[in-house]
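Spelled out from the first residue to the last, the chains are:
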Amino acid sequence: MTDRHVVVLAGGLTHEREVSLRSGSRLADSLRRHGHDVTIRDVDATILPWLAEHTPDAAIIALHGGRGENGAVQEVLEMAGIPYLGTPSHNCRLAWDKATAKTLLRRAGFHTPDWITLSHQTFRDLGAPAMVEAVVRHLGLPLMVKPHQGGSGLGAGVVRGAEDLPGALIDAFAYGTVVLVEQFVTGTELALSVLDAPAPDPDEGSTHEDTLRLPGVTDYSDAATRTTSFALPAVEIVPPGDVFDYEARYTAGTTTYHTPARLPADQAAAAGAMAVAAHRTLGLRDVSRVDAIVDKTGVVHFLEVNVSPGLTETSMLPMAVAAAGRELGELYSELIETAISRS
Amino acid sequence: MAVRQGGKWKVMDMTGNSLDHHLQRYAQRTSGMRASAIRALFSVANRPEVVSLAGGMPFLNSLPLESLAAEAASLINEDGLVALQYGSGQGIGELREQICQVMALEGIQAHPDDVVVTVGSQMALDLSTRIFIDPGDVILAEAPSYVGALSTFSSYQADVVHVSMDDAGLVPEALEAAIEAVRASGRRIKLLYTIPNYHNPAGVTLSAERRPRIAEICREAGITILEDNPYGLLGFDNKIHRAIRADDADNVIYLGSFSKTFAPGLRVGWVLAPHAVREKLVLANESATLNPPVFNQLMVSRYLHNFDWQGQIKAYQQTYAERRDAMLQALQTLMPPGTTWTTPTGGFYVWVTLPEGLDTAAMLPRAVTARVAYVPGNAFYADGFGSRQMRLSFCYPTPERIVEGVHRLAAVIDSELEILQTFGGPRPHGAITGERSPSPDTA
């Protein structure tokens, strides 16, 4: 169905505002081409009165970082009774915090690089030199340092020598009060987009094998929610340096992407399976993007997950959608109907 | 859902995609045109929740908008077929005469034939660079210098060499030393780019005593002066400084603008140049834009003719002086020990130097979280310096918002100092490519 009134929430006051505005604008254009009446709104003091007055059919959260991903905006929409596309608020809170997501997934048997999360106060109270030495002794080198919340590669850095760790920590602390330090795993860097769809109905004679024909795709059906989750073709990321940072992400021509990833079939399948399982384990809904590394031995390591994946011209979810032969507006139109139907 | 219907999904080979198939065809001068996390943060700075001490937007609220609306309607009604038509590449004659009257306030005696109207003075800067600079030529510029000029110089692949300033502006001895050093390195100096009045970003003004000396040094060295003077009429002490061009018509190219004295949205500026240079500028202007917008030129011309434009400038001066005072007072009260700043007598900006070890670019995300914004100092250097400095603008926020902004900024600096203390003092600076080029409040 088309002609829905959809509000795309974009902007916000996070460090990723610029990216969010671009995601929202691109998504709105795609949806308008599919006949929807789309309004782009920032999330500020005017949003609640606006929602009450206009009661859109559905909301899509194209906010990155902060309230857009930590469950706050989702909670507002739940209170306002507006159907929205994406993960419910309580699960956002788990996925948004990188350490919490890693903890939950490791307990469930996932591979994820060893890590430690530390606040500035910990370094201050226990003494930074001793803490730096302890972190390096505990995790080894090289290390990845990043803010424990937020995305777009902001504040992230690779540390190859212990002497570089304080500088990397200072950079990460500029974006938040807690940092996540984890072992830096080299290998094939992947962005794995996961989608939900209504589960095939056996009465209609349809099976997964009939319908999910994408090589390397793993699906997971859930009887309780009557949904199937499946991964789109993996996007392999080859940034120009160690880190897929802001410049590498948003300067077209800087990073090379391979979709599907140049992996053996078994590793591609394992990566897709891991992403779908992570999506399900964390209770994510409709759409997510899992970032992962396949190491030299073929082990797939979970790094982090995004409940509001980027939708810009250089973002990986739209690349995966295109590589799967679909158009972003068409796909999101279907997800909008799903969101409305469950309200 | 598509999955159930089958057939919609297929795998397409999109390997080796850089997302830019023009990649191998770009000119070398685009190599610095990349996404920047710091630049992206300014998207947040524009939100009303943030006190932006970053932008240099004039405060236009005192403009007589109703009268201007009537004037615009009258322009269309009475002169629409001219206002909406192509025009001269040099600009409208009557406006050029009026521009000469404006420049006369700064002691410049000029003929309208030597004036070229441009799309803001930024275009004048671009055209001047275009006609003088080959890749690798050296442009001398103050340390720090206007970020928009550095961007233009970079796009023409000039090498910028910074020259020290102090509280009295560009230091003549430093200029001489820079000329000698560049020449010793075998490079060719074409231009000195200078903002003599209420400098952007430094806030200082070149002293009257130094102006003829600077002109003399450049004349003897065969270096053309680009005198950029957008703020000259915005002094807070009823004083108008005599332009360098007023005493050197042959070796100075003067850039002027109505953006700060009237309205930046109209994008009307100008360049005054010696006859031979002016000929080339007209041709370059035609090449770039065919002609500056006629409607906008006529609006400016009518504004100068029909409105009390000098009274409006006095209103601007009063507004900005109050805001300057609010900012200086707040800095005095709230900044931590070891912080220094300049004391502007006009214009829009204060240049602040933070205690050793702080990095204003690295600190900006923390500031944005605290909902205050500034421009990091390294944006105003071509050689990587300026990491301890920041530019604060007092032109747009109200005095109350300025005080609130400085209050937030002081808290951010305290947090950053605490982080540095935790990790054992300053971290090494990044890519510094030039020689040490002190800024005005630390020279």
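Residues numbered from 1 in each chain as written. Chains lettered and ligands numbered in written order. Predicted model: local features only at pLDDT ≥ 70, side-chain atom pairs only at ≥ 80, totals over all residues.

1. Notes on the overall build of chain B
Worth spelling out the cut-off: Secondary structure elements are taken from DSSP: a helix is a run of H or I of four residues or more, a strand is a run of E of two residues or more, and numbering for both begins at the N terminus. What the globule rule says is 2.2 Å times the number of residues to the power 0.38, and the radius of gyration is computed from C-alpha atoms. Neighbour counting defines burial: a residue surrounded by 20 or more other C-beta atoms within 10 Å of its own C-beta is buried, one with 12 or fewer is exposed, and intermediate counts give partly exposed, using backbone-placed C-beta atoms. Each residue is represented by a C-beta atom placed from its backbone, and any two residues with such atoms within 7 Å are regarded as in contact.
Tallying secondary structure elements over chain B gives 13 helices and 15 strands in all. Scaling as 2.2 N^0.38, a compact globule of 443 residues should have a C-alpha radius of gyration of about 22 Å, and chain B matches this with 24 Å. Out of the 443 residues belonging to chain B, those deemed buried represent 46%. Partitioning the contacts of chain B with sequence separation of at least 6, the portion at a separation of at least 24 is 77%.

2. Notes on the overall build of chain A
A count of helical and extended segments in chain A gives 13 helices and 15 strands. Here the C-alpha atoms of chain A give a radius of gyration of 20 Å, agreeing with the 20 Å that 2.2 N^0.38 yields for 343 residues. Projected onto its principal axes, the C-alpha coordinates of chain A cover approximately 60 × 50 × 40 Å. A buried classification covers 56% of the 343 residues belonging to chain A. Long-range pairs, those at least 24 residues apart, make up 70% of the contacts in chain A between residues at least 6 apart in sequence.

3. Comments concerning the domain arrangement of chain B
Residue and element names in this part refer to chain B. Applicable threshold: A domain assignment, automatic or from a database, supplies the domain bounds used here. Polar here means any residue outside two lists: the nonpolar Ala, Val, Leu, Ile, Met, Phe, Trp, Tyr, Cys and Pro, and the charged Asp, Glu, Lys and Arg; Gly therefore counts as polar.
When its domains are assigned, chain B resolves into domain 1 (32-61 + 311-422) and domain 2 (85-307). Taking only C-alpha atoms into account, the centre of domain 1 sits 26 Å from that of domain 2. Listed as interface residues are 29 residues of domain 1 and, on the opposing side, 28 residues of domain 2. Residue assignment for the side of domain 1 that touches domain 2 shows that the elements contributing at least two residues are α11 (309-334) and β12 (349-353). Sort the elements by how many residues they give to the side of domain 1 that touches domain 2 and α11 lands first, with seven residues. In the side of domain 1 that touches domain 2, the residues fall into 16 nonpolar, ten polar and three charged.

4. Things to note about the pairing of strand β15 (residues 389-393) of chain B
All names here are of chain B. The following threshold applies: For two strands to be treated as a pair, DSSP must find at least two bridges joining them.
Most of β15 is tucked away: five of the five residues are buried. Where burial is concerned, the two faces of β15 agree: the one with Q389, R391 and S393 and the one with M390 and L392 are both buried. Note that β12 and β15 share five bridges and pair antiparallel. In the strand pairing of β15, W351 is matched with R391.

5. A closer look at the sheet that holds strand β7 (residues 157-159) of chain A
All names here are of chain A. Put simply, the rule is: Orientation is described by axes fitted as lines to C-alpha atoms, over the contacting stretch for helices, and by angles from 0 to 180 degrees between their N-to-C directions.
Spatially, four strands are ordered β5-β8-β6-β7 in an open sheet, and the strand pairing comes out antiparallel. Edge positions in the sheet fall to β5 (115-119) and β7, since each of these pairs with one other strand and no more. Averaged over all pairs of adjacent strands, the angle between their axes in this sheet comes to 25 degrees, without regard to strand direction. Looking at chain direction, strand β6 (residues 143-147) and strand β8 (residues 178-183) are connected through five bridges and run antiparallel. Along β8, the bridge assignment pairs P147 with V179. Sheet strands touched by helix α8 (residues 165-173): β6, β7 and β8. Its angle to β6, the strand with the most contacts, is close to 25 degrees.

6. Points about the nonpolar core
Cut-off, in case you're wondering: To define a nonpolar core, we join buried Ala, Val, Leu, Ile, Met, Phe, Trp, Tyr and Cys residues through C-beta atoms within 7 Å and take the resulting set.
Counting 149 residues, the largest nonpolar core has V145 of chain A together with I139, L140 and V271 of chain B as the members making the most contacts within it. With residues near it in sequence (within four places) discarded, V145 of chain A still touches A156, G157, V159, A168, L169, A172, V179 and V181 of chain A. Formed by 76 residues, the second largest nonpolar core is a distinct cluster that contains L63, L85, Y257 and I336 of chain A.

7. Quick look at the interface of chain A and chain B
With 53 residues of chain A at the interface, the matching set in chain B holds 38 residues. A per-element tally of the side of chain A that touches chain B places α8 of chain A first, with six residues. Residue composition of the side of chain A that touches chain B, grouped by class: 29 nonpolar, 14 polar and ten charged. As paired elements, strand β13 (residues 256-259) of chain A and strand β1 (residues 14-17) of chain B share two bridges and run antiparallel to each other. Its bridge partner being in β1 of chain B, T259 of chain A is matched across the sheet by M14 of chain B.

8. Describing the packing of α11 of chain B against helix α13 (residues 399-422) of chain B
All names here are of chain B. The condition is simple: Angle categories: roughly parallel below 35 degrees, roughly antiparallel above 145, roughly perpendicular from 65 to 115, and oblique for all the rest. Throughout, a crossing is termed right-handed when the near helix is turned clockwise from the far one, and left-handed when it is turned anticlockwise from it by less than a right angle.
Contact geometry for α11 and α13: axes closest at 9 Å, N-to-C directions at 25 degrees. Between α11 and α13, the interaxial angle falls into the category roughly parallel. As α11 runs across α13, the sense of the crossing is right-handed. Listed contacts from α13 to E322, R323, A326, M327, A330, L331 and L334 of α11 are P399, I402, V403, V406, H407 and A410. Split by residue class, the contact of α11 with α13 holds ten nonpolar, one polar and two charged.

9. Quick notes on the packing of helix α5 (residues 120-132) of chain B against helix α9 (residues 275-289) of chain B
Residue and element names in this part refer to chain B. Where α5 meets α9, the closest approach of the two axes is 10 Å, and the angle between their N-to-C directions is 115 degrees. The angle between α5 and α9 places the two elements in the roughly perpendicular class. In this structure, the crossing between α5 and α9 has a hand that is right-handed. Only K280, L281, A284, N285 and A288 of α9 make contact with α5, whose side of the interface consists of M123, L127, R130 and I131. Looking at side-chain class alone, the contact of α5 with α9 contains six nonpolar, one polar and two charged residues.

10. Considerations on the domain arrangement of chain A
All names here are of chain A. We note that the domain assignment places domain 1 (5-85), domain 2 (115-183) and domain 3 (187-337) within chain A. Placing the centre of domain 1 and that of domain 2 at their C-alpha centroids yields a distance of 33 Å. Across the boundary between the two partners, domain 1 contributes five residues, which contact five residues of domain 2.

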